[in-house]
Amino acid sequence: MRSMSRFVFFLSGKHSTLPSSEAMASVEALGENYNFVEKLDQVLVLESDAKALDLSRRLGMCHWIGEHFCICSLDNLFDCIGSSDLVDFLPQSKTLAVRVKRVGNHFPEVDTQSLAKQVADLLMEEYDYEIDLENPDNEIKLILSEEKCVVSLLRRKVDREIFSERKPPERSEVHPSTMQPNLARSLVNLARTPEGGSFLDPFCGVGGILIEAGLVGAEVIGVDINSELIEGARNNLESENITNYDLRKGDARELDVKRVDAIATDPPYGRQASTGGSELGELYRQTLPKLAAVLKTGKFLCITSPERIDLEEISKDLPLTLKEKHKQRVHRSLTRNIYTFIKRERV
């Protein structure tokens, strides 16, 4: 049995809970296990048998993934590094850089450049490393967060530029209610969408969430009541070279699709969206049973709603168990909840 690695995830600061949940869900989406170790502001530490490369290709709300060596108070940092196996782990003939990141307002008194130099000097007492701040072979990452210092060795950076390149205004077909790609990717991951599995968005619009599911290797199924939006989704998917898709004009309240491995969706509820003539609460009450019916047992549904719509109450008689719930402020007049449910066997 392969031993677990201990990973440090340096997370996006755009949301307090979504990034860490996405990281843990991504491990599960890859079919791997994890043990929770620690959560700090913008930092998550897990033991997992997943591969850093696979995780870095999935995550939407993470900056980088490192191999963990220690967590300690700043006063004990040098002793902590000395008693870890960091020095033994580093190849002696490779170049090195040490970088210190202060999260938010934590440790305002610390001179991060001076601390980085002190740590580099400590490591060079053991071996004669060459410092290369431009293109090092090994990059030691220190994160200062919540009165602790997390020490890791960089394994993989997350390419966040690709999300910027896929922002809605850059696509061939645009709709004002389309979700930003890194958030759409997070919903796909919260739904534990497996590579090669089937994925459904029953309110697909012009395909923002479908794109992210397709890019992680899922077979995507998109349904929308508006045929023009379906054509927009087709154009957007093909512009991203996603060919394994099934798009159809249809009503999410009357779904006729095969059973699927994952569902993630952002139903219409803003000023720029159409609910097909249905009152919003009724739209959810009619749609959730259909989604539960087409989702395979043991699989996940990630769905958004405006704060005033209580999906826990609406789902109470359905074979859906709430896994987690996140609150996100969209703009001054709209806060949405992001729910993840798991499909259970009916008793």
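What counts and how
Residues numbered from 1 in each chain as written. Predicted model: local features only at pLDDT ≥ 70, side-chain atom pairs only at ≥ 80, totals over all residues. Heavy atoms only, no water. Buried < 20%, exposed > 50% of the residue type's maximum accessible area, 1.4 Å probe, protein only. Helix = DSSP H or I, 4+ residues; strand = E, 2+ residues; numbered from the N terminus. Pairing = 2+ DSSP bridges. Axes fitted to C-alpha atoms, helices over the stretch in contact; angles between N-to-C directions. Left-handed = near helix turned anticlockwise from the far one by under 90°. Contact = heavy atoms within 4.5 Å. Nonpolar A, V, L, I, M, F, W, Y, C, P; charged D, E, K, R; others polar. Parallel < 35°, antiparallel > 145°, perpendicular 65-115°, else oblique.

### Overview of the pairing of strand β3 (residues 43-48)
Reasoning step 1: Most of β3 sits out of view: five of its six residues are buried.
Reasoning step 2: Sheet analysis places strand β1 (residues 5-11) next to β3, joined by six bridges and oriented antiparallel. Pairing of Arg-6 across the sheet is with Glu-47, part of β3.
Reasoning step 3: Pairing of strand β2 (residues 34-40) with β3 involves six bridges; the strand directions are antiparallel. Paired with Lys-39 across the strands is Leu-44, a residue of β3.
Reasoning step 4: Hairpin geometry of β2 and β3 is characterised by an intervening segment of two residues between the two adjacent antiparallel strands and by a positive phi of about 65 degrees at Gln-42.

### Some details on the packing of helix α7 (residues 181-190) against helix α8 (residues 208-215)
Reasoning step 1: Packing of α7 against α8 brings their axes to within 8 Å, and their N-to-C directions diverge by 60 degrees. Crossing hand, α7 versus α8: right-handed. On the side of α7, the interface is formed by Pro-181, Ala-184, Arg-185, Leu-187 and Val-188, while α8 contributes Gly-208, Ile-209, Glu-212, Ala-213 and Leu-215.
Reasoning step 2: Taken together, the residues of the contact of α7 with α8 sort by class into seven nonpolar, one polar and two charged.

### Observations concerning unusual backbone geometry
Reasoning step 1: In the Ramachandran plot, Glu-146 falls in the positive-phi region, its phi being about 50 degrees despite a non-glycine side chain.
Reasoning step 2: In this fold, Glu-146 is placed in the loop between β7 (138-145) and β8 (148-157).
Reasoning step 3: Not every positive phi belongs to a glycine, and Arg-192 is a case in point at roughly 55 degrees.
Reasoning step 4: As for its placement among the helices and strands, Arg-192 is situated in the loop between α7 and β9 (198-201).

### Concerning the packing of helix α1 (residues 18-29) against α7
Reasoning step 1: Relative to each other, α1 and α7 sit at 45 degrees, their axes nearing to 8 Å. Of the possible angle classes, the one that applies to α1 and α7 is oblique. By crossing handedness, the relation of α1 to α7 is classed as left-handed. Mapping the contact onto sequence places Leu-18, Ser-21, Glu-22, Ala-25 and Ser-26 in α1 and Leu-183, Arg-185, Ser-186, Asn-189 and Leu-190 in α7.

No statement about biological role is implied by the geometric values presented.
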